[in-house]
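# Observations on the model geometry
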Amino acid sequence: MIKFINITIVLASISLLTQCDHTEYPSGKRYYNAYCGNCHMEDGKGLSKLIPSLEKSQYLINQQDKLPCIIRNGIKSMVADSSSELQLSMPANVKLSEIEILNICNYINNSWSNQQAQMSLQEIKVKLNFCD
Amino acid sequence: MNVKPILFLLFSIIALLSSCKPTIQHLPYLGSNKIVNGEEVRHQIRSFNYIDQDSLAFNADVLNGNIYLADFFFTSCPSICPRVMRNMLRVQKKYKDIPNFKLVSFSLDPKRDTPARMKKYAENIGADLSMWHFVHGPKDSIMAIANEDYYVPAFEDPDAPGGFDHSGKLLLIDGNGHLRGFAEGTEDEDVTEFFNTIDALLAESK
């Protein structure tokens, strides 16, 4: 009985340890860290009010249809403040392929306690056809 | 001869020595010394006359006697600045109650970074402007102190993201304008270790 408990504890610790760095989207994580991580940071938390957090972001949830376009084309003149002194924009990443965008979307949507439906390549292609 | 008392004495001495508080590490003076009028003088940040985010004078008088951490940035910097600023915010949080400790961010892009724009930026990242100054000065002068005094490589480069190439170093300066330590502001772990360096300088100046 004690042996069984011991084995259970060992297995539980191993699974806990390995879980920490686990993502179902390793490619997405790589592209995200390379193209988005400088500003939104590896933990998705961004920088205070200047760079919005992607973690549990209502904006992210609301903009699911536009997400592929936002990643590719950025956001122009997003006003962080009512004053015009500081107009913020998110830079475009026009070189990203549809597959890279797909990977980034799925990684962002399912990391840092975000839970959004997984997107398919077909969906990404359709959404990219309707960019502003 | 009975060795027991000697052994006991030896162990007591070892125990005593090891229980002592570690002596405060004296930080080195960084930078190359200069010869002025035949005398060797330590590398020192030159005096300057700039303005801050409130358009108030920002010069040696404001900093004199303060330990401060400097970095170089610009508000539209898309590459390393957000990461460096996040680490500056960690430093702000840790040392916010220490009097005579300041944070100083010099803008490399004075053309776009007006004091008002820097103030908005500062407010948006959550900077405590009672301890943190955002500095505006002539571009050539800022570039010169970056490269020559703070040893931060910085230059204009149309091909670089945002138009400037620079390093994200954090520089620790003592109350007399001497450079005493530095860390890579983009590396979280380096900054965590840097807290020890800051602590050592604060202890030294007590």
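Quick notes on the rules
Residues numbered from 1 in each chain as written. Chains lettered and ligands numbered in written order. Predicted model: local features only at pLDDT ≥ 70, side-chain atom pairs only at ≥ 80, totals over all residues. Heavy atoms only, no water. Salt bridge = Lys/Arg side-chain N within 4 Å of Asp/Glu carboxyl O. Helix = DSSP H or I, 4+ residues; strand = E, 2+ residues; numbered from the N terminus. Buried < 20%, exposed > 50% of the residue type's maximum accessible area, 1.4 Å probe, protein only. Pairing = 2+ DSSP bridges. Axes fitted to C-alpha atoms, helices over the stretch in contact; angles between N-to-C directions. Contact = heavy atoms within 4.5 Å. Buried area = accessible area lost by both parts, 1.4 Å probe. Polar contact = N/O pair within 3.5 Å; in protein donor to acceptor, adjacent residues only side chain to side chain.

### Comments concerning the pattern of salt bridges
Residues and elements named next belong to chain B. Taken as a whole and assessed by the stated rule, the structure comprises 16 salt bridges over all chains. R46 serves as the salt-bridge partner of D149, at 2.8 Å between the closest nitrogen and oxygen. Placement of D149 in helix α5 (residues 139-149) and of R46 in the loop between β2 (39-41) and β3 (49-51) is noted, with a sequence separation of 103 residues between them. Among the salt bridges present, the one from K120 reaches E123, with a minimum N-O distance of 3.8 Å. Of the two residues, K120 and E123 both sit in helix α4 (residues 115-125), three residues apart, roughly one turn of that helix. For E123, a relative accessible area of 35% gives the class partly exposed.

### Observations concerning the sheet that holds strand β7 (residues 132-135) of chain B
What holds strands together in a sheet is hydrogen bonding between their backbones, with the strands either parallel or antiparallel. Residue and element names in this part refer to chain B. Here five strands make up an open sheet; going across it, the order is β7-β6-β5-β10-β11 and the pairing mixed. The open sheet has two free edges, formed respectively by β7 and β11 (179-184), since each of these has just one partner strand. Neighbour-to-neighbour, the strand axes of the sheet open up by a mean angle of 20°, direction not taken into account. Here strand β10 (residues 169-173) pairs with β11 via five bridges, running antiparallel. Note that in β11 the partner of L171 across the bridge is F182. α4 contacts β5 (67-73), β6 (101-107) and β7 of the sheet and is inclined by roughly 145° relative to β7.

### Re the interface of chain B and chain A
Taken together, the 17 residues of chain B in the interface contact 19 residues of chain A. Approximately 1500 Å² of surface area, both sides summed, lies buried where chain B meets chain A, with 56% of it carried by carbon and sulfur atoms. Sorting the residues of chain B by area buried against chain A places R83, R86 and N124 of chain B first, and these three jointly supply 42% of that buried surface. Here chain B and chain A share two salt bridges between them. Across the salt bridge formed by D43 of chain A and R86 of chain B, the nearest N and O atoms sit 3.2 Å from each other. Here chain B is connected to chain A by seven residue pairs in polar contact (both at pLDDT 80 or more). Mapped by element, the contributors of at least two residues to the side of chain B that touches chain A are α3 (81-95) and α4 of chain B.

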